[in-house]
Amino acid sequence: MKLNLKIWRQENRDSSGKMTDYQLNEVSEHMSFLEMIDLLNETLIQKGERVIEFDHDCREGICGQCGVMINGQAHGPLANTTTCQLHMRSFKDGDTIYIEPFRAASFPILRDLKIDRSGFDRIIQAGGFITTSTGQAPEANSIPISHQIAENAFDSAACIGCGACVATCKNSSAALFTSAKITHMALLPQGKLEAATRVANMISQMDAEGFGHCSNTEACEVECPQAISVLNIARMNYEYNKSMLFKP
Amino acid sequence: MRLDAKIPLGPLADKWNNYKQHAKLVNPANRKKLDIIVVGTGLAGASCAASLAEQGYNVKSFCFQDTARRAHSVAAQGGINAAKNYKNDGDSVYRMFYDTIKGGDFRSREANVYRLAECSAALIDQAVSQGVPFAREYGGYLNNRSFGGVQVSRTFYARGQTGQQLLLGAYQALMRQEHLGKVKTYTRHEMLELVVVDGKARGIITRDLLTGKIERYAANAVVLATGGYGKVYYLSTLAMGCNSSAIWRTHKKGALMSGVSWIQFHPTSLPQSGEHQSKLTLMSESLRNDGRIWVPSKADDTRAPKDIPETERDYYLERRYPAFGNLSPRDIASRAAKERIDAGCGVGPMKNSVCLDFSKAISEQGKDKIREKYSNLFSMYEKITGINAYEQPMLISPAAHFTMGGLWVDYQLMTTIPGLFALGEANFADHGANRLGANSLLQACVDGYFIAPYTIPDYLAGELHTVKIDTDHPAFIEAENSVKKQLDQLLNINGHLSADYYHKALGKLLYNKCGLSRSKTSLLSAIKEIKELRASFYQDLKITGDNQVNSELEKAGRVADYLELGELMCYDALTREESCGAHFREEYQTADGEAVRNDRDFCFVSAWEWKGYDQVQELHKEPLIFENVDLTIRSYK
């Protein structure tokens, strides 16, 4: 198929960018979206032009590194999909496709479609862990965890940290990402003891990074590749209020 | 050169305890004076960096991804082995040791493999304490399942995303140490050179992938946990950024490379569907617990798989290997698939696939049960192929996957360069000529959480009086200059072919001539063609863009290394005149196509020494001594 592409080009963090037009012929419907960009880049190399920089790695939907806005939607038109798992059979011959980076003040653009999501790492550093050191953990079966709790914890832990939730939120809120980790840890007996300090510290860091507040539009859940539920945000708010109520 | 594996004395079951009891310690007050560089943030790297930081060392952690959490360990699906014997089905440390050493076709060290099995139980405890949500029985206790090459249930899993959950545990431990100030992470940094001072590893040179700046970092020890090099085949199950550069550059600085041609082809990957493809997606091997593998009985059958009746299907694994059936080890299952595909029985548009069929499991257990076990894999399959595998068989084929080869390390995981350690898939150590499923996450975790935290301090205890190295040292200047020279060279070739062109050409060549099966003829021709390809690369490569963010420049450096590594893979395969594990030399097989191992002449680990560009490398041999197992013919029949 033939495609008209409008792609965001930006030299670096400080420069201004613009949409640039490209045409691509001979796109196979079996290509992934990223393989389509590979094809475009191959043509740019032949023309002596700088290639389009984009983030990607595993190309099987699990690393969370890829992610762009495609026609205004994070990761494109399919529900619960990363960009690498979106295939060109979702588009038609002659389509015009707009490709832009995830836009949020807390995700500065580095070049073209590459962005800086290190704010997510700093939120985890603020408390997104269970304080356990190496080597002397108790026997794993000594603390039973019910099947359902383990499954629910997994549902939250499955977040891949791609940032689609932030990109699609009108407030650029990181509430879904942060709440998923808080819920994962709060559900498990191992993580419960430090749940109060964790939630307070992580929310404080989320604010310090400049992510916006959640106003419950629930767009994040719609765009999340892992279908992380907004109920996590409710859980985060519950944990936060509890921590404030019982603050020593 | 004499290779000393430094295996502790004493009975097999006591060796690791003996080692730990006698390993040298570093006083807590001295630990904060010592710096350690860890390259790679996967399971091995993140766990090692976090564990050493917990002990009080200063750790610098490097990765090329935008965050440590994206290391390719994240993609491992099926599970992690541990000899917990929770199922009371006869598992034990010894049985796991035996399965693993047999699985590797008796080409790994007894002591290393025993230690792997011994540490496995504690690893599950460690991961659970970090909050890894492993599958649980309804009573709240851990559940597990079986994997290829094994007749007990010892694989712990977190749905089909075990690697992701284990990695998040290690990543979170790493982030905790970053917050405490004991780890400094450097993301989007690629290691391009090792700095050796007075024969010891004392630092690295990196390129900041955002600014293009070449940077120097000094330390008392350098740890490489940079994963495997299966991406040398271009089409593989690995992430696009996986590469061999870190280990290859240290190889050129004097570290030996072992078992280089031992590369596992995973039997349950999605097949190639065309020339546009950049990778082959892995489907977890756990699918083989319920899926039955078959091809049409007769060649060139053009019917859709679902239209082929039961009586005209060849369940070739169940037929050839009745004891293990669909759970045959990966090398056996991959080769059996290739044999059927080569015989014209392959299915799919390119006739390059076999069927993985769940109809029997669905009829027996119900769709809901299968959905609960594998739903993410089924939906991933549908996203990529557009096919609903609840309704018709999945099409799968073998794909380049895990590298058993890597840097030669001794029992302490130290390379032939003192102070340079290699962990996880970056070393050759534990899997022999074939890795059993669910042992890779285990090895990476055990290396990082439990082994390196003893062996690296043992080394560092002797380094307290070594003068602190300044990054102005001539060795740093020289290493930086050589990196800059290579980058300039690549940027200035100004030919007309992309790095991907060369990568694909090399991959295709290796796949055909040094892939699932090899022969003397194919290997000699591959060596000749790789030399030609390499010469062309340095005349005809084209890189556009500048010296800042430039993914083409990154790729070109990695392809340059692959072009050298690929040649060594062929030499390694050529000199090993036997079939063992994943290494199948066509000249050495039985009449019914089974591998013929040669223990008399090849019971050794090959270790190659770099002799200079365009020189044949020198082969050193570490004899493998088996005191606890008999070298039986590896039969899964």
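Residues numbered from 1 in each chain as written. Chains lettered and ligands numbered in written order. Predicted model: local features only at pLDDT ≥ 70, side-chain atom pairs only at ≥ 80, totals over all residues. Heavy atoms only, no water.

Colleague: I keep staring at the overall build of chain B and nothing clicks. Help me out?
Modeller: Counting its secondary structure elements, chain B contains 17 helices and 19 strands. For 637 residues, the compact-globule formula gives about 26 Å, and the C-alpha radius of gyration of chain B, at 24 Å, lands near that figure. For the C-alpha atoms alone, the extent of chain B along its principal axes is close to 75 × 60 × 50 Å. Classification of the 637 residues of chain B by burial places 68% in the buried group. Sequence-distant contacts, at least 24 apart, represent 73% of the contacts inside chain B between residues at least 6 apart. Total accessible area computed for chain B in this model is approximately 20700 Å², and 50% of it derives from carbon and sulfur atoms. Computed over 78 positive and 74 negative side-chain charges, the inter-centroid distance for chain B is 3 Å. (Helix = DSSP H or I, 4+ residues; strand = E, 2+ residues; numbered from the N terminus. Rg over C-alpha atoms; globule rule 2.2 N^0.38 Å. Buried < 20%, exposed > 50% of the residue type's maximum accessible area, 1.4 Å probe, protein only. Contact = heavy atoms within 4.5 Å. Areas by Shrake-Rupley, 256 points an atom, 1.4 Å probe, with all protein chains shown as cover. Lys, Arg positive; Asp, Glu negative; His and termini not counted. Charge placed at Lys NZ, Arg CZ, Asp CG, Glu CD.)

Colleague: Explanation requested: the environment of S379 of chain B in the structure shown.
Modeller: Residues and elements named next belong to chain B. Relative to the assigned elements, S379 resides in helix α11 (residues 367–385). When its relative accessible area of 37% is taken as the criterion, S379 is described as partly exposed. Counting along the chain gives 22 residues from S379 to D357, while the straight-line C-alpha distance between them is 15 Å.

Colleague: Could you clarify how one ought to interpret the packing of helix α2 (residues 118–125) of chain A against helix α6 (residues 162–179) of chain B in this entry?
Modeller: In helix packing, the relevant descriptors are the interaxial angle and the interaxial distance, both defined with respect to the helix axes. Close contact between α2 of chain A and α6 of chain B brings their axes to 8 Å; oriented N to C, the two are set at 80°. The angle between α2 of chain A and α6 of chain B falls in the class roughly perpendicular. Facing F120, D121, I124 and Q125 of chain A of α2 of chain A, the residues of α6 of chain B in contact are Y171, Q172, M175, E178 and H179 of chain B. In the contact of α2 of chain A with α6 of chain B, the residues fall into four nonpolar, three polar and two charged. (Axes fitted to C-alpha atoms, helices over the stretch in contact; angles between N-to-C directions. Parallel < 35°, antiparallel > 145°, perpendicular 65-115°, else oblique. Nonpolar A, V, L, I, M, F, W, Y, C, P; charged D, E, K, R; others polar.)

Colleague: Just to check I follow, could you spell out the nonpolar core for this structure?
Modeller: Soluble, globular proteins show a tendency: their nonpolar side chains are buried together. Formed by 226 residues in total, the largest nonpolar core has its most connected members in L5, F33 and M36 of chain A together with I80, F134, I456 and M569 of chain B. Ranked by residues supplied to this core, first place goes to helix α16 (residues 551–575) of chain B with 13 residues. Sequence-distant contacts of F33 of chain A, defined by excluding residues within four places in its chain, comprise V68, I70, T83, L86, H87, M88, F91, I97 and I99 of chain A. Of all hydrophobic cores here, the second largest spans 38 residues; its members include F324, A336, I362 and M380 of chain B. (Core = buried A, V, L, I, M, F, W, Y, C linked by side-chain atoms within 4.5 Å.)

Colleague: I'm lost on empty space enclosed by the protein in this one. Help?
Modeller: A water-sized probe, rolled over the atoms, reveals where empty space remains. Taken as a whole and assessed by the stated rule, the structure comprises 10 cavities of 30 Å³ or more. If you add up the space inside the second largest cavity, you get close to 460 Å³. For the lining of the second largest cavity, the secondary-structure elements that each account for two or more residues are α1 (33–46) of chain A together with α14 (499–513) and α16 of chain B. The element contributing the most residues to the lining of the second largest cavity is α16 of chain B, with six residues. (1 Å grid on protein atoms, 1.4 Å probe; cavity = no way out; pocket = protein on both sides within 12 Å on 5 of 7 lines; lining within 4 Å. Points joined across faces, edges and corners; volume = space filled by probe spheres on them.)

Colleague: Any chance you could explain α6 of chain B here in plain terms?
Modeller: Three or four residues apart is the spacing at which side chains of an α-helix point the same way, because the helix has 3.6 residues per turn. All names here are of chain B. In this model α6 runs 26 Å from its N-terminal to its C-terminal C-alpha over 18 residues, within 8% of the 26 Å that 1.5 Å per residue would give. Counted residue by residue, α6 has 17 buried out of 18 residues, so it is predominantly covered. Of the residues one or two after α6, G181 is the one with positive phi, at around 85°. (Expected span 1.5 Å × (residues − 1).)

Colleague: Would you mind showing me how to read unusual backbone geometry here?
Modeller: Only a minority of non-glycine residues have a phi that is not negative, and only a minority of peptide bonds are not trans. Residues and elements named next belong to chain A. Unusually for a residue other than glycine, N216 sits at a positive phi of about 60°. By the secondary structure assignment, N216 is in the loop between α7 (195–208) and α8 (219–223). Exposure remark for N216: the relative accessible area of 58% places this residue in the exposed category.

Colleague: Which parts of the structure should I look at to understand the interface of chain B and chain A?
Modeller: Contacts between the two partners involve 76 residues from chain B, matched on the other side by 74 residues from chain A. Between chain B and chain A lies a buried interface of about 6400 Å² when both sides are counted; carbon and sulfur atoms form 49% of it. The largest per-residue losses of area from chain B upon contact with chain A belong to R70, R159 and K383 of chain B, which jointly make up 11% of the total buried on that side. When the shortest N-O distance is used, the salt bridge between R117 of chain A and D66 of chain B registers 3.2 Å. Linking chain B with chain A are 44 residue pairs in polar contact (both at pLDDT 80 or more). If one sorts the elements of the side of chain B that touches chain A by residue count, α6 of chain B sits on top with nine residues. For the side of chain B that touches chain A, the residue count by class is 25 nonpolar, 32 polar and 19 charged. (Buried area = accessible area lost by both parts, 1.4 Å probe. Salt bridge = Lys/Arg side-chain N within 4 Å of Asp/Glu carboxyl O. Polar contact = N/O pair within 3.5 Å; in protein donor to acceptor, adjacent residues only side chain to side chain.)

Colleague: Teacher, can you tell me more about the sheet that holds strand β17 (residues 420–422) of chain B here?
Modeller: Strands pair in a sheet through their backbones, by hydrogen bonds, and they do so in one of two ways: parallel or antiparallel. Residues and elements named next belong to chain B. Strand order in the open sheet made by the five strands is β5-β2-β1-β9-β17, with parallel pairing throughout. On the outer flanks of this sheet lie β5 (183–186) and β17, each paired with one strand and no other. Here the average twist between neighbouring strands, direction ignored, is 20°. Of the strand pairs in this sheet, strand β1 (residues 35–39) and strand β9 (residues 221–224) are connected by four bridges, and their pairing is parallel. Across the sheet, residue I37 finds its bridge partner in β9, namely V222. (Pairing = 2+ DSSP bridges.)

Colleague: Help me out: how do you make sense of the pairing of strand β2 (residues 58–62) of chain B in this one?
Modeller: Residues and elements named next belong to chain B. Most of β2 is tucked away, with four of its five residues classed as buried. In terms of strand pairing, β1 meets β2 through five bridges, oriented parallel. By the bridge assignment, I37 is partnered in β2 with K60. For the segment spanning β1, helix α3 (residues 43–55) and β2, crossover handedness is right-handed. Here β2 pairs with β5 via four bridges, running parallel. Counterpart to V59 in the pairing with β5 is V183. (Right-handed = clockwise from strand over helix to strand, strands pointing away.)

Colleague: Even after reading the chapter, I still don't get the side chain of Q172 of chain B, so can you show me in this structure?
Modeller: Structurally, the position occupied by Q172 of chain B is in helix α6. Dropping the residues within four chain positions of it, Q172 of chain B is found in contact with I124, G128, F129, K181 and M185 of chain A together with Q130 of chain B.

Colleague: Hey, could you run me through the sheet that holds strand β8 (residues 214–218) of chain B in this one?
Modeller: Residue and element names in this part refer to chain B. Strand order in this open sheet of three strands is β6-β7-β8, and the pairing throughout is antiparallel. The sheet is open, and its two edges are formed by β6 (189–197) and β8, each paired on a single side. For this sheet the average axis-to-axis angle between neighbouring strands, irrespective of direction, equals 25°. Set on the sheet, helix α13 (residues 474–491) makes contact with β6, β7 (200–208) and β8; between it and β6 the angle comes to about 140°.

Colleague: Even after reading the chapter, I still don't get α1 of chain A, so can you show me in this structure?
Modeller: The terminal C-alpha atoms of α1 of chain A lie 20 Å apart, and with 14 residues this matches the ideal 20 Å at 1.5 Å per residue to within 8%. The element α1 of chain A is extensively covered by neighbouring structure, given that 10 of its 14 residues are classed as buried. Every buried residue of α1 of chain A is accounted for by F33, L34, E35, M36, I37, D38, L40, N41, L44 and I45 of chain A. Those residues of α1 of chain A that are buried are in contact with β1 (3–9), β2 (18–24), β3 (69–70) and β5 (96–100) of chain A together with α16 of chain B. At the C-terminal side of α1 of chain A, G48 of chain A shows a positive phi close to 80°.

Fair warning: the whole summary comes from geometry, so function is off the table for now.
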